[in-house]
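Understanding the architecture of this molecule
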Amino acid sequence: MKKLVKIVLALVVLLAVVVIAGVLTINHWARRGIENGATQALGVTTTLRGIQVGLLASEADLDSFSVTNPTGFDGDFLTFKDGGVKLTVGSLMEDTVEVPYLHLTEVTLNLLKAADGKANYQAILDNLKGEEAQPDAVKKEGKKFVIREVVFKDVTVTARIAVPSALGAVAGLAGKSISGGEIKPVTLKIPEIRLTDVGSGGDNPKAIRELTDIFIKAILQKAMQDGAGILPAELTAELGAKLAQLKSLEAMGVNMTGTLDKIGKDGLDLEKQKANIENLTKDAGKTVDEVKKGVGGLGDLLGGKKDE
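For clarity, every value in this text was computed on a predicted model and none was experimentally measured.

Right, let's talk about the pairing of strand S6 (residues 144-161) for a bit. By the criterion of burial, S6 is predominantly enclosed, with 13 of the 18 residues buried. Examined bridge by bridge, strand S4 (residues 96-99) and S6 share four bridges and lie parallel to one another. Paired with Glu98 across the two strands is Val146, which belongs to S6. Strand direction decides the pairing type here: strand S5 (residues 101-113) and S6, joined by 11 bridges, are parallel. What sits directly across from Asn110, in S6, is Thr158. Of the pairings in the sheet, the one linking S6 to strand S7 (residues 186-198) comprises 11 bridges and is antiparallel in character.

Turning our eyes to something else, we now look at the environment of Lys222. Looking at the secondary structure, you find Lys222 in helix H5 (residues 208-226). Take Lys222: its relative accessible area is 9%, and that puts it in the buried class.

Another aspect to go through is the confidence of the model for the protein chain. Mean pLDDT over the protein chain: 74, with 62% of residues reaching 70 or higher. Looking at the elements of the protein chain, mean pLDDT is at its lowest for helix H8 (residues 298-301), recorded as 37, and at its highest for S5, recorded as 94. In the predicted structure, residues 169-180 sits below a pLDDT of 50 and forms 20 contacts with residues beyond four places in sequence or in another chain.

Packed helices, taken two at a time, are described by the angle their axes make and the gap between the axes. Axis separation between helix H2 (residues 120-132) and H5 bottoms out at 11 Å; the angle between their running directions is 140°. Looking at the two axes, H2 sits oblique to H5. Between H2 and H5 the crossing geometry is left-handed. Contacts from Ile124, Leu125, Leu128, Glu131 and Glu132 of H2 reach H5 at Arg209, Asp213, Ile216, Lys217 and Leu220. In terms of residue class, the contact of H2 with H5 is built from five nonpolar, no polar and five charged.

So, about unusual backbone geometry. Not every positive phi belongs to a glycine, and Glu106 is a case in point at roughly 50°. Position of Glu106 relative to the elements: it lies in strand S5. A relative accessible area of 42% means that Glu106 is categorised as partly exposed. In the Ramachandran plot, Asp154 falls in the positive-phi region, its phi being about 55° despite a non-glycine side chain. As for its position among the elements, Asp154 is in strand S6.

How each quantity is defined
Residues numbered from 1 in each chain as written. Predicted model: local features only at pLDDT ≥ 70, side-chain atom pairs only at ≥ 80, totals over all residues. Heavy atoms only, no water. Buried < 20%, exposed > 50% of the residue type's maximum accessible area, 1.4 Å probe, protein only. Helix = DSSP H or I, 4+ residues; strand = E, 2+ residues; numbered from the N terminus. Pairing = 2+ DSSP bridges. pLDDT = per-residue confidence, 0-100. Contact = heavy atoms within 4.5 Å. Axes fitted to C-alpha atoms, helices over the stretch in contact; angles between N-to-C directions. Parallel < 35°, antiparallel > 145°, perpendicular 65-115°, else oblique. Left-handed = near helix turned anticlockwise from the far one by under 90°. Nonpolar A, V, L, I, M, F, W, Y, C, P; charged D, E, K, R; others polar.

Shown next, in the form of structure tokens:
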């Protein structure tokens, strides 16, 4: 009897070791899969600190994800603090995994534009454009997912634009020197972004690199729409123009609640975005003329007097 008890205990311990080893292996490969897929889609390094799949594999916790900025920009482009995923256990061994719910919290997006006109979001979106041009066989490599609902909570968007040399010259006419400086950061708070039917329909599941494409576009599109009148107009116009060159969320079978269905309608098409940028340029030229004539308001803005 004692010998039988020992055998049973040994089997229990062995089973526990196998289960723990299996979970650790799943965690490792899941983390690597997310990082590799996101890096391929965005063209920059992405890092997921950790993922913990539950013993019953019905849920998983995500810990600290970051997307580094393109070359030439410091810091991160996007981060989130943590998140959670609910999984359909029966689909884990299938080619397509069913995910009823995914939520990511404390999402931070940093939009930067340098004095030479280059912007971090331009490089990211250019890479997504190239990614979308890849054959479907390449884009859909690896495990595929159908996510019924995705929620980004507590999204903070920060925009910073360096003062271009031309504006520095204008400031010089007003008796001020701000060349090479930076406009004060502008912050936009978005309580929630909700997506539904990501990869649904059974014949359109998404690989990690495609999910990355969708998530980044959704956050940028929401920032552009909610940031109108808050974020710099030049920045939102450029975002609109870049997003218009990509496949819309609607075309990818994704719904985003509380926003426009897609880029390219209701006046957000590429040509109108280009016109917005051209108008901004014209307005900047008018400002230069006004300063030269001594009747512009830029002197007040920079702390000087109108007659300067």
